[in-house]
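# Report on the structure
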Amino acid sequence: MKMSCLPVSLYAELSVGAITLDDWFRFAAELGLDGADVSVAHLANHSPAYLAGLRAEAEGRGLRIAMLVTYTDFTQPDAGERARQIAMLRAQIEVAAALGASFVRVTAGQARTDVTRRDGIAWAVDGLTACLDAAADAGVTLAYENHTRGYGWTQNDCSQPADIFLEIVRRTEGSGLRILFDTANTLAHGDDPLDVLARVLPRIAVVHVNDILRSGYFEPVIAGTGVAPISAMFEMLAEAAWDGWVSVEEASKQGKTGFRQGIAFAEQAWRDAGGVPRA
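The structure contained in this document is the topic of the report that follows. (Residues numbered from 1 in each chain as written. Predicted model: local features only at pLDDT ≥ 70, side-chain atom pairs only at ≥ 80, totals over all residues. Heavy atoms only, no water.)

### A look at the packing of aromatic side chains
To keep things clear, this is the line we draw: Aromatic pairing here means that ring centres of Phe, Tyr or Trp (its six-membered ring) are within 6.5 Å. Orientation follows from the plane angle: under 30 degrees is stacked, over 60 is edge-to-face, and everything else is tilted. A helix here means a DSSP run of H or I that spans at least four residues, while a strand means a run of E at least two residues long, and both kinds are numbered starting from the N terminus. For every residue, the accessible area obtained with a 1.4 Å probe (protein chains only) is divided by the maximum for its type, and the residue is called buried under 20%, exposed over 50%, and partly exposed between those limits.
For the coordinates displayed, the defined rule picks out eight aromatic pairs. Aromatic side chains Tyr11 and Tyr151 sit 5.5 Å apart centroid to centroid with 80° between the ring planes, which places their arrangement in the edge-to-face category. Highlighted residues: Tyr11 in helix H1 (residues 11-16) and Tyr151 in the loop between strand S5 (141-145) and helix H7 (162-171), separated in sequence by 140 residues. On the accessibility criterion, Tyr11 (8% relative accessible area) is buried. With centroids separated by 6.2 Å and ring planes inclined at 40°, the aromatic side chains of Tyr71 and Tyr151 adopt a geometry described as tilted. With a gap of 80 residues between them, Tyr71 in the loop between strand S3 (67-69) and helix H4 (79-99) and Tyr151 in the loop between S5 and H7 connect regions that are remote in the sequence. Overall, the relative accessible area of 14% leaves Tyr71 in the buried class. A relative accessible area of 39% places Tyr151 in the partly exposed class. Taken together, Tyr11, Tyr71 and Tyr151 form an aromatic cluster joined through their ring pairs.

### What to know about the side chain of Asp73
For clarity, the cut-off: Here a polar contact means two N or O atoms within 3.5 Å. Within protein one must be a hydrogen donor candidate and the other an acceptor candidate, and residues neighboring in sequence count only if both atoms are side-chain atoms. Here a residue-residue contact requires only that any non-hydrogen atoms of the pair lie within 4.5 Å.
For Asp73, the position within the fold is in the loop between S3 and H4. Note on Asp73: relative accessible area 5%, which makes it buried. Among the polar contacts made by the side chain of Asp73, one reaches the side chain of Arg112 at a distance of 2.7 Å. Among all residues touching Asp73, those that are not within four sequence positions of it are Gln85, Ala108, Gly109, Gln110, Arg112 and Trp153.

### With respect to the environment of Arg64
One can find Arg64 in the loop between helix H3 (48-60) and S3. For the pair Arg64 and Ser102, spaced 38 residues apart in the sequence, the C-alpha separation amounts to 9.1 Å. Setting aside residues no more than four positions away along its own chain, Arg64 makes contact with Asp34, Gly35, Ala36, Gly100, Ser102 and Trp245.

### A word on the nonpolar core
Definition in use: Here, nonpolar core refers to any group of buried Ala, Val, Leu, Ile, Met, Phe, Trp, Tyr and Cys residues whose side-chain atoms link them within 4.5 Å.
Trp24, Phe25, Leu142 and Tyr144 are the most contacted members of the largest nonpolar core, which totals 94 residues. Per-element tally for this core: the top contributor is H7, with six residues. Setting aside residues no more than four positions away along its own chain, Phe25 makes contact with Ala36, Val38, Leu54, Glu57, Ala58, Arg61, Leu63 and Ile65.

### What about the pairing of strand S6 (residues 178-182)?
This is how it is decided: DSSP-based pairing: two strands are paired if at least 2 bridges between them are found. Looking down the strands as they point away from you, a crossover is right-handed if its path from the first strand over the helix to the second goes clockwise.
Counted residue by residue, S6 has four buried out of five residues, so it is predominantly covered. Bridging between S5 and S6 involves three bridges; their strand directions are parallel. For Glu145, the partnering residue across the bridge sits in S6 and is Leu180. Taking the sense of rotation as the criterion, the β-α-β connection linking S5, H7 and S6 turns out right-handed. Sheet topology places S6 next to strand S7 (residues 204-209); four bridges connect them, and they run parallel. Across the sheet, the residue bridging to Leu180 is Val206, located in S7.

### Notes on the environment of Ala41
Along the chain, Ala41 turns up in the loop between strand S2 (38-39) and H3. Once the C-alpha coordinates of Ala41 and Ser15 are considered, the two residues, 26 residues apart in sequence, prove to be 7.5 Å apart. Those residues within four positions of Ala41 in sequence are excluded, and the remaining contacts are Tyr71 and Tyr151.

### Focus: helix H9 (residues 193-200)
Quick note on the threshold: What the arc measures is the spread of directions leading from the helix axis to the C-beta atoms.
Regarding H9, the residues found buried are Pro193, Val196, Leu197 and Val200. In an axial view of H9, the angular spread of the buried residues amounts to 100°, which keeps them on one side of the axis. Considering only its buried residues, H9 is in contact with H7, S6, helix H8 (185-188), S7 and helix H10 (230-239). The N-cap residue of H9 is Asp192: its side-chain oxygen and the backbone nitrogen of Leu194 are 3.0 Å apart.

### Description of the pairing of S7
Of all the six residues making up S7, six are buried; the element is thus mostly covered by neighbouring parts of the structure. Note: S7 against strand S8 (residues 245-249), four bridges, orientation parallel. Along S8, the bridge assignment pairs Val207 with Val246. For the handedness criterion, the β-α-β arrangement of S7, H10 and S8 is classed as right-handed.

### Concerning the sheet that holds S3
To be explicit about the condition: Helix axes use the C-alpha atoms of the stretch in contact, all axes being lines fitted to C-alpha atoms, and the angles between their N-to-C directions lie in the range 0 to 180 degrees.
Here eight strands make up an open sheet; going across it, the order is S1-S8-S7-S6-S5-S4-S3-S2 and the pairing parallel. Only two strands of the sheet have a single partner each, and these edge strands are strand S1 (2-6) and S2. Relative to S8, S1 is paired through five bridges, and the arrangement is parallel. Each bridged residue has a counterpart across the sheet, and for Cys5 the counterpart in S8 is Val248. Together, S3, strand S4 (103-106) and S5 form the strand contacts of H4, whose direction differs from that of S4 by roughly 150°.

From the geometry alone we can't say anything about function, so treat these as descriptive.
Dropping the structure here:
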């Protein structure tokens, strides 16, 4: 197992330039992580020189950029916009490769009231599978998340409720699309995360360690202080000898304490579960 972190609690500061991505890499190194995740929203540009510089900054601090987080929105009613989303993802795959990232987080799209369930699922499947060859050629894995709401979105992801997520997973079986499983997002809709994890476990590439205050509501808290059954999920992963990236999604907005406490909890919970030792 290797450990990374998605610094959602730092998004506001990163977005306005109060801190830089290198500041994030420095802090991630202080936390003893193997990797640091990056959102496309915080890239200044996509020039080769800039991306090479970011990669060098991370590697200079003993880290790799493990995952590039995108906000693909394939449930757009307009076919031209759906095509633009696919083209954008192709470009983001090249960005991830330039950064040395192993994974690109992809999402299905927003749950629009003017889009039927049937069309939303079909368009999501088409979009999520459209760039798999390009990703393979670039040496990057696309990981589809059981997602709640993207940065800048106005609606929740159509991947909630869990039965829609599982239907998209079923329809992409054998495609090469992998799963980014979030420990709290399914519970935020009131669905059973242990049941969903058991159904998708063979396809999981990355786990987001996330926690919420109560079932049925998306109220992020420090990992280990909420109601998400993280330890039980780790036990299930350990029993299957799963050995991938564990990324703590720190969204509690509790400052550096949130990062330190959440990461320490995830590490201890993984050891207690008997998971594959951290590489």
